[in-house]
Amino acid sequence: MAPSKGLEDTDGIHKLREHLANMKKSLTASNSGDDHVSYHERDEQVTVRDGTSIAVRIHSPSQPASGGCPGLVIYHGGGFCLGGLDNEVALCRKWTALGGVAVNVDYRLAPENAFPTAVHDAYDALIWTAQNVQKLGIDAKKGFIVGGISAGANLAAVITHLYGDEKCTPPLTGQYLSIPTTCEPVAVPEKYKQYYLSREQNKDAPILNQSSIKMFEGHYKPDPRSVLRSPLLFPSHAELPPAYFQVCGLDPLRDEAIIYESVLREDNNITTKLDVFEGLPHGFWTWFPKAQFSMDFQEKTTNGLKWLLSQSAS
């Protein structure tokens, strides 16, 4: 199954960025049908706390619902070092097909901008969205969801906590956490260590493995015991919105995602939905977009987003 290139097989971070960008373009193309264009896309600038402007891409249905659409703020993956606005185009267009408005955030990357810049950018972009729901055509009562893939799912988990702790409005109605990293190995609480096995079991997995994780962490330079890096460590997970999780069986990050889902569901009575893709590596759908298991992933993603919308309406 191993792809021709994993996330560590490169001559440097800039070459790897180019490689992933090309993969994502192929993924978007493989998920684009021949139907007429049913969405509008535009870029805007958001001023974040240090005065820098970052880009966001607004994906809107061409025929939005009367009174506004559900909103999704999305953060791409890439180990906090790779990716941009083109990463999750297919996902954002999937959301517009469900009648929603997606705000796709181009947070700043390491090594140029190390921890916790990405967290601050992600949170500031969420606040900007919350302050501009009417302008964006979002009706938060229909759904106001934060989501991400991999590193982006880590950001989504973190800022869901921050946003709730600050009692911000409108309230979040859901979180989409796809292949998230939720706790650094050195910070795992003792009571969870017996379940935290995948970092060792899958250390030589294709796509993402121990070597590539070490590379990304070396650029990002996080504080592993900070809740801004390891959201499992937040002192309370109560009153979080419903969460849809996606986990890959051959992923070093598998067990920290499963532990986090269990903590939300079993310890805090948070409604969750969990899809596990057994035997498949981290982010497999980008490397094998036309494989049947990737088609299955896309269908389950659509169903998971619909599930989050149903939770918003309940």
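Keep in mind that what you see is a predicted model, and the values were worked out from it rather than measured. (Residues numbered from 1 in each chain as written. Predicted model: local features only at pLDDT ≥ 70, side-chain atom pairs only at ≥ 80, totals over all residues. Heavy atoms only, no water.)

Asks: Explain the pairing of strand β4 (residues 101-105) here, please?
Replies: A regular strand places its side chains on the two faces of the sheet in alternate fashion. Most of β4 sits inside the fold, with five of its five residues counted as buried. Residues Val 101, Val 103 and Val 105 line one face of β4 and the alternating positions Ala 102 and Asn 104 line the opposite face, and both faces are buried. Judged from the four bridges that link them, strand β2 (residues 53-61) and β4 form a sheet pairing that is antiparallel. Directly across from Arg 57, in β4, lies its bridge partner Asn 104. (Buried < 20%, exposed > 50% of the residue type's maximum accessible area, 1.4 Å probe, protein only. Helix = DSSP H or I, 4+ residues; strand = E, 2+ residues; numbered from the N terminus. Pairing = 2+ DSSP bridges.)

Asks: Would you mind showing me how to read helix α10 (residues 292-313) here?
Replies: Two residues of an α-helix separated by three or four positions point the same way, owing to the 3.6 residues in each turn. The terminal C-alpha atoms of α10 lie 32 Å apart, and with 22 residues this matches the ideal 32 Å at 1.5 Å per residue to within 8%. Buried within α10 are the following residues: Ser 294, Phe 297, Gln 298, Thr 301, Thr 302, Gly 304, Leu 305, Trp 307, Leu 308, Leu 309 and Ser 312. (Expected span 1.5 Å × (residues − 1).)

Asks: Any chance you could explain the environment of Trp 307 here in plain terms?
Replies: Tracing the chain through its elements places Trp 307 in helix α10. Judged by its relative accessible area of 17%, Trp 307 falls in the buried class. With 264 residues separating them in the primary sequence, Trp 307 and Asp 43 have C-alpha atoms 28 Å apart. In this structure Trp 307 touches Pro 242, Ala 243, Tyr 244, Thr 271, Thr 272 and Lys 273, once residues within four positions along its chain are discounted. (Contact = heavy atoms within 4.5 Å.)

Asks: Looking at this structure, I do not really get the environment of Asn 303. What am I missing?
Replies: Turning to its location among the elements, Asn 303 is positioned in helix α10. On the basis of relative accessible area, Asn 303 is assigned to the partly exposed category, the value being 37%. For the pair Asn 303 and Lys 167, spaced 136 residues apart in sequence, the C-alpha separation works out to 29 Å.

Asks: Honestly, empty space enclosed by the protein in this entry has me stumped. Any pointers?
Replies: Tallied over the entire structure, the rule returns two cavities of 30 Å³ or more. Computed from the structure, the largest cavity encloses a volume of approximately 310 Å³. As for the largest cavity, its lining consists of 27 residues, of which Leu 7, Gly 78, Gly 79, Ser 150 and His 282 are closest to the centre. Counting only elements with at least two residues in the lining of the largest cavity, the list comes to α1 (13-30), α7 (210-220) and α9 (284-287). Of the residues in the lining of the largest cavity, the class split is 13 nonpolar, nine polar and five charged. (1 Å grid on protein atoms, 1.4 Å probe; cavity = no way out; pocket = protein on both sides within 12 Å on 5 of 7 lines; lining within 4 Å. Points joined across faces, edges and corners; volume = space filled by probe spheres on them. Nonpolar A, V, L, I, M, F, W, Y, C, P; charged D, E, K, R; others polar.)

Asks: I tried to follow the packing of helix α3 (residues 117-131) against helix α5 (residues 151-165) on my own but got confused; where do I start?
Replies: How two helices sit against one another is set out by the angle between their axes and by the gap between those axes. With their axes 10 Å apart at the nearest point, α3 and α5 run at an angle of 55 degrees to one another. In terms of axis orientation, α3 runs oblique to α5. The interaxial crossing formed by α3 with α5 has right-handed handedness. Residues Ala 118, Val 119, Ala 122, Tyr 123, Leu 126, Ile 127 and Ala 130 of α3 pack against Leu 155, Val 158, Ile 159, Leu 162 and Tyr 163 of α5. Looking at side-chain class alone, the contact of α3 with α5 contains 12 nonpolar, no polar and no charged residues. (Axes fitted to C-alpha atoms, helices over the stretch in contact; angles between N-to-C directions. Parallel < 35°, antiparallel > 145°, perpendicular 65-115°, else oblique. Left-handed = near helix turned anticlockwise from the far one by under 90°.)

Asks: Sorry if this is basic, but what is going on with the layout of surface pockets here?
Replies: The calculated volume of the second largest pocket comes to roughly 310 Å³. Forming the boundary of the second largest pocket are 16 residues, of which Gly 164, Asp 165, Ala 238, Glu 239 and Leu 240 lie nearest the centre. The residue makeup of the lining of the second largest pocket, split by class, is nine nonpolar, four polar and three charged.

Asks: What exactly am I supposed to notice about the side chain of Asn 209 here?
Replies: Among the secondary structure elements, Asn 209 is positioned in the loop between α6 (198-201) and α7. Within the structure, the side chain of Asn 209 is placed 3.1 Å from the backbone oxygen of Ala 205, a separation counted as a polar contact. (Polar contact = N/O pair within 3.5 Å; in protein donor to acceptor, adjacent residues only side chain to side chain.)

Asks: Looking at this model, I keep getting lost on the pattern of salt bridges. Mind explaining?
Replies: Side-chain pairs of opposite charge can arise where the charged atoms are in close proximity. Counted under the stated rule, the structure contains 18 salt bridges. Across the salt bridge formed by Arg 108 and Asp 121, the nearest N and O atoms sit 2.9 Å from each other. Remark: Asp 121 occurs in helix α3 and Arg 108 occurs in the loop between β4 and α3; sequence separation between them is 13 residues. Under the relative-accessibility criterion, Arg 108 is labelled buried at 16%. The partner of Arg 265 in a salt bridge is Glu 261, and the shortest N-O contact between them spans 2.7 Å. Separated by four residues within a single helix, Arg 265 and Glu 261 lie in helix α8 (residues 254-268), roughly one turn from each other. We classify Arg 265 as partly exposed; its relative accessible area is 37%. (Salt bridge = Lys/Arg side-chain N within 4 Å of Asp/Glu carboxyl O.)

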